[in-house]
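Each chain, letter by letter, is given below.
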Amino acid sequence: MRVDTVDRILSLQQAPSWVVLYCTVEVDIDGIIGRFRERWGEIPLVGCSSFHGVFTPSGFARGAFALVGEAEDQVEMVVEAGETERDVFDEVQFGARALSKAMPRPDVLLLHATPGAEETVIKAIDPVFSSTVPIFGGSAADDDLSGRWRVFDIHGAHANGYVLAGFRSKKKVYGELLGGYLATRHAGVVTRARGRLVEEIDGRPAAEVYNEWSNGSIREALGKRAPILGETSLYPVGRIIKKVLGVPIHLLSHPAFVSGPENGLEMFSEFSEGEELFLMRGSEEALVKRTSMVVRQALTPRAQTSRPLSGGILIYCGGCVGAIESRIDAVVEEFRVSVQEAPFIGVATFGEQGWARGTDGNRHGNLMCDVVLFDSV
């Protein structure tokens, strides 16, 4: 595998086996896709737009970058994509079934969808693969939540859609989803919720409860329809999805807006009444170090060896990038060293999907990171 700028990838003499392409929003993505198609025809290509930059071994940079598979990697990729403006479940399941016919038993699925209905997207995919194939990925992002995000395949980009890639390899493929935040003593039960709006916690307005838990961090936003992404990036809420050897595994959710005078909390993931929430806390150092931790956990099944990986894909929450952007080069270096300088590409997303270790299925969360790693032998 190799990673480089689009121009350098397009100058290769031999066509790649497949392409994973990430870019920032100012890039003419339709023009780039057209160049790939003109150069090599309808090769498998999957990608999405990223928040503020793209992760590469050389750093976190604006523009368009690609990780490409080569014949000697012995990794196959099949891609399906579509619009999701209407009938999200049916549209995604149709694409998943088409992918399963072309690749009945993928080792892993890479998913990128536009923000808003990721739980439904996962519910549509899971039954096609009997819920046994792990999904990893992240939601497309832009720079400012203005809706300029895109997902794309070799046929073009979608402002409301999904792209799903199946990978199958003669070598091992690894994946992992990780939070990297710790639970605090503050907890409560969701007593009123509608989709991604948590109206009440313990019978009280949810934003008021969160404000008390977080020592007044969103005080100025109360009573208004106001964004709170920056104030809450290091203090998400978490739900326990399973305990492994007595240690709780938390799925994180990012409070995005105070809903208005009623002081509800609008999230980037869905909630149900009766769920217990915990205030979580993070730190800049933990958000840097978790990129090596997620690699270690992903490679747990791998026998102890010094052999390098062929390549990797990093999905890292855009909200976390915003919280530690002054240290983003440290994130790149942490990941680069952890994958032993293998080629990699990464995207900063507005939602993360994965199969957390020890849990029983694919999940959608926020402020998390996940990886797909390819073995070399």
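Calculation criteria
Residues numbered from 1 in each chain as written. Predicted model: local features only at pLDDT ≥ 70, side-chain atom pairs only at ≥ 80, totals over all residues. Heavy atoms only, no water. Helix = DSSP H or I, 4+ residues; strand = E, 2+ residues; numbered from the N terminus. Rg over C-alpha atoms; globule rule 2.2 N^0.38 Å. Buried < 20%, exposed > 50% of the residue type's maximum accessible area, 1.4 Å probe, protein only. Phe/Tyr/Trp six-rings, centres within 6.5 Å; stacked < 30°, edge-to-face > 60°. Lys NZ or Arg CZ within 6 Å of the ring centre and 35° of its normal. Salt bridge = Lys/Arg side-chain N within 4 Å of Asp/Glu carboxyl O. Pairing = 2+ DSSP bridges. Axes fitted to C-alpha atoms, helices over the stretch in contact; angles between N-to-C directions. Parallel < 35°, antiparallel > 145°, perpendicular 65-115°, else oblique. Left-handed = near helix turned anticlockwise from the far one by under 90°. Contact = heavy atoms within 4.5 Å. Nonpolar A, V, L, I, M, F, W, Y, C, P; charged D, E, K, R; others polar. Right-handed = clockwise from strand over helix to strand, strands pointing away.

Draft legend 1. Spotlight on the overall build of the chain. Across its full length, the chain carries nine helices and 27 strands. Computed over the C-alpha atoms, the radius of gyration of the chain is 20 Å, within 12% of the 21 Å expected from 2.2 N^0.38 for a compact globule of 377 residues. Projected onto its principal axes, the C-alpha coordinates of the chain cover approximately 60 × 45 × 40 Å. Within the chain, the fraction of its 377 residues that count as buried is 58%.

Draft legend 2. The packing of aromatic side chains, seen in detail. All told, the structure shown has nine aromatic pairs when counted by the stated rule. Judged by centre distance (6.0 Å) and plane angle (35 degrees), the ring pair of Trp-18 and Phe-374 falls under tilted. With Trp-18 in strand E2 (residues 18–23) and Phe-374 in strand E27 (residues 369–375), the pair connects residues that are 356 residues apart, well separated along the chain. For Trp-18, a relative accessible area of 0% corresponds to the buried category. Between Trp-149 and Phe-350, the ring centres sit 6.1 Å apart and the planes meet at 90 degrees, which makes this aromatic pair edge-to-face. Pair noted here: Trp-149 is in the loop between strand E9 (135–138) and strand E10 (151–153) and Phe-350 is in the loop between strand E24 (344–349) and strand E25 (352–354), with a separation of 201 residues, a long-range link. Like Trp-149, the residue Phe-350 is buried in the burial classification. Three or more aromatic residues link up through ring pairs in this structure, and these residues are Trp-18, Phe-167 and Phe-374. Against the face of Phe-257 rests Arg-225, its NZ or CZ located 4.2 Å from the ring centre.

Draft legend 3. A look at the pattern of salt bridges. As enumerated under the stated definition, the model contains 18 salt bridges in all. With a closest N to O distance of 2.5 Å, Glu-118 and Arg-196 form a salt bridge. In this pair, Glu-118 is assigned in helix H4 (residues 118–125) and Arg-196 in the loop between strand E14 (182–194) and strand E15 (197–201), connecting sequence segments 78 residues apart. Look at Arg-196 and you get buried, because its relative accessible area is 15%.

Draft legend 4. Spotlight on the sheet that holds E9. On the basis of which strands lie adjacent, the open sheet formed by six strands has the order E7-E12-E8-E9-E25-E26 and mixed pairing. Whereas interior strands pair on both sides, the edge strands pair on one side only; in this sheet they are strand E7 (75–83) and strand E26 (363–365). The average undirected angle you get between the axes of adjacent strands in this sheet is 20 degrees. Note that E7 and strand E12 (residues 161–169) share nine bridges and pair antiparallel. Bridge pairing links Met-77 to Phe-167 in E12.

Draft legend 5. Fine view of the packing of helix H7 (residues 284–298) against helix H9 (residues 328–338). Axis separation between H7 and H9 bottoms out at 8 Å; the angle between their running directions is 20 degrees. One finds that H7 runs roughly parallel with respect to H9. Between H7 and H9 lies a crossing of right-handed hand. The segment H7 lies against H9, with Leu-287, Val-288, Lys-289, Thr-291, Ser-292 and Val-295 engaging Ala-330, Val-331, Glu-334, Phe-335 and Ser-338. Its residues assigned to classes, the contact of H7 with H9 comprises six nonpolar, three polar and two charged.

Draft legend 6. Here's a closer look at the pairing of E9. Neither face of E9 is open: one carries Ile-135 and Gly-137, the other Phe-136 and Gly-138, and all of them are buried. The sheet contact formed by strand E8 (residues 108–113) and E9 spans three bridges and is parallel. Within E9, the position partnered with Leu-110 by the bridge is Phe-136. Note that the unit made of E8, H4 and E9 has a crossover that is right-handed. By the bridge criterion, two bridges tie E9 to E25 in an arrangement that is antiparallel. Bridge pairing in E25 links Gly-137 to Gln-353.

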